[in-house]
Amino acid sequence: MIEIAWLGHHHVAALGVHLLALDDDDRYARFGHRINDAAVLRWVRRIDWQRDGWLGAWWAAEDALVGALQLAPLPTETATAGTVEVAITVLPLLRRQGLATRLLATALVDDRMAHCRRLLFQHGHPAVFALARRLGMCAQVDATAATVYLSGWSRQALIDVLASMAMGGPTIRASRRAPRLHG
């Protein structure tokens, strides 16, 4: 069973192990450039847990983090208010099973994300467009920056998608230490 839970600074080691399990191509897709193990671990140690929100997908049988979603609110000086940058990783074994969809939908129905109106993905990966279709979102491509913005979702539609998923919708472990997203 896969359980979705908010992550906090006490999950640094699990997140590091998860990101280290990604191959070179997956790391390139996640970070936008080639990144070695030492750089991954430095990046994880520097995460701003007060600013960014993280959801994790835990495989209970292995007690392993198999998917992670980062939500980084963008400053209003440089972006439209309510814009949140998103990055999602799922280990290869569990891809194409709706886990990224479940992570994103679970995040967006959470009250912590009530301010969010638009999502920014730094890379126009085909999976982003598939997510948009599954969640009833509009995708807008900024070709000059190679970014994709998603918008236009309905909270009820996201709840309906979660309820209809074969994995049984969200099981969220509320953590008292889960951060509020500041945007």
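Note that this is a predicted model, so its numbers are computed, not measured.

(A) Spatial organisation of the nonpolar core. If you look at the biggest cluster of nonpolar residues, it comprises 53 residues, and the most contacted ones within it are Leu-104, Leu-108, Leu-119, Phe-121 and Met-137. Per element, the largest residue contribution to this core is 8 residues, and it comes from helix 4 (residues 99–109). Contacts of Leu-108, omitting those with residues within four sequence positions, involve Met-113, Cys-116, Leu-119, Met-137, Trp-153 and Leu-158.

(B) Just helix 1 (residues 12–20), in detail. When helix 1 is considered as a whole, its buried residues turn out to be Leu-15, Gly-16, His-18 and Leu-19. When helix 1 is viewed along its axis, its buried side chains cluster within an angular range of 160° and face the same direction. Set apart from the buried face of helix 1 by more than 90 degrees, the exposed residues are Ala-13 and Val-17. Of the surrounding secondary structure, the elements contacted by the buried residues of helix 1 are helix 2 (24–31), helix 3 (37–45), strand 2 (53–59), strand 3 (64–73) and strand 4 (83–90).

(C) Quick peek at the packing of helix 4 against helix 6 (residues 155–164). In the contact formed by helix 4 and helix 6, the axes pass within 9 Å of each other and the chain directions differ by 140°. When the interaxial angle is binned, helix 4 and helix 6 end up oblique. Once helix 4 is placed against helix 6, the crossing between them reads as left-handed. Residues Thr-101, Arg-102, Ala-105, Thr-106, Leu-108 and Val-109 of helix 4 form the contact with helix 6, whose participating residues are Arg-155, Leu-158, Ile-159, Val-161 and Leu-162. In terms of residue class, the contact of helix 4 with helix 6 is made up of 7 nonpolar, 2 polar and 2 charged.

(D) Main features of unusual backbone geometry. Non-glycine residue Arg-96 carries a positive phi angle of around 65°. Along the polypeptide, Arg-96 turns up in the loop between strand 4 and helix 4. Look at Arg-96 and you get exposed, because its relative accessible area is 87%.

(E) Layout of the confidence of the model for the protein. For the protein, the mean per-residue pLDDT works out to 84, and 88% of the residues sit at or above 70. At the level of individual helices and strands, the protein shows its lowest average pLDDT in strand 8 (residues 172–173), which scores 44, and its highest in helix 3, which scores 95. Confidence over residues 167–183 falls short of pLDDT 50; this stretch has 48 contacts with residues more than four positions distant or in other chains.

(F) Expanded view of the pairing of strand 1 (residues 2–6). Within strand 1, 4 of the 5 residues are buried, which leaves the element mostly enclosed by the surrounding structure. Sheet topology note: the strand 1/strand 2 ladder contains 5 bridges and is antiparallel. Each bridged residue has a counterpart across the sheet, and for Ile-4 the counterpart in strand 2 is Ala-57.

(G) Structural detail: the side chain of Arg-30. Summarising the element assignment, Arg-30 is placed in helix 2. Buried and unpaired, Arg-30 has no salt bridge, with Glu-85 as the nearest side chain of opposite charge at 6.4 Å. In terms of polar contacts, Arg-30 uses its side chain to reach the side chain of Gln-70, at 2.5 Å. Contacts of Arg-30, omitting those with residues within four sequence positions, involve Trp-43, Trp-54, Gln-70, Ala-87, Thr-89 and His-123.

(H) Structural detail: the pairing of strand 3. Extensive coverage of strand 3 is indicated by the burial of 9 of its 10 residues. The antiparallel pairing of strand 2 with strand 3 creates a hairpin that spans 4 residues between the two strands, and Asp-63 there sits at a positive phi of about 50°. Here strand 3 runs beside strand 4; their pairing, made up of 7 bridges, is antiparallel. Bridging from a neighbouring strand, Gly-67 pairs with Val-90 of strand 4.

Cut-off values and rules
- Residues numbered from 1 in each chain as written.
- Predicted model: local features only at pLDDT ≥ 70, side-chain atom pairs only at ≥ 80, totals over all residues.
- Heavy atoms only, no water.
- Core = buried A, V, L, I, M, F, W, Y, C linked by side-chain atoms within 4.5 Å.
- Buried < 20%, exposed > 50% of the residue type's maximum accessible area, 1.4 Å probe, protein only.
- Helix = DSSP H or I, 4+ residues; strand = E, 2+ residues; numbered from the N terminus.
- Contact = heavy atoms within 4.5 Å.
- Arc of directions from axis to C-beta.
- Axes fitted to C-alpha atoms, helices over the stretch in contact; angles between N-to-C directions.
- Parallel < 35°, antiparallel > 145°, perpendicular 65-115°, else oblique.
- Left-handed = near helix turned anticlockwise from the far one by under 90°.
- Nonpolar A, V, L, I, M, F, W, Y, C, P; charged D, E, K, R; others polar.
- pLDDT = per-residue confidence, 0-100.
- Pairing = 2+ DSSP bridges.
- Lys, Arg positive; Asp, Glu negative; His and termini not counted.
- Salt bridge = Lys/Arg side-chain N within 4 Å of Asp/Glu carboxyl O.
- Polar contact = N/O pair within 3.5 Å; in protein donor to acceptor, adjacent residues only side chain to side chain.

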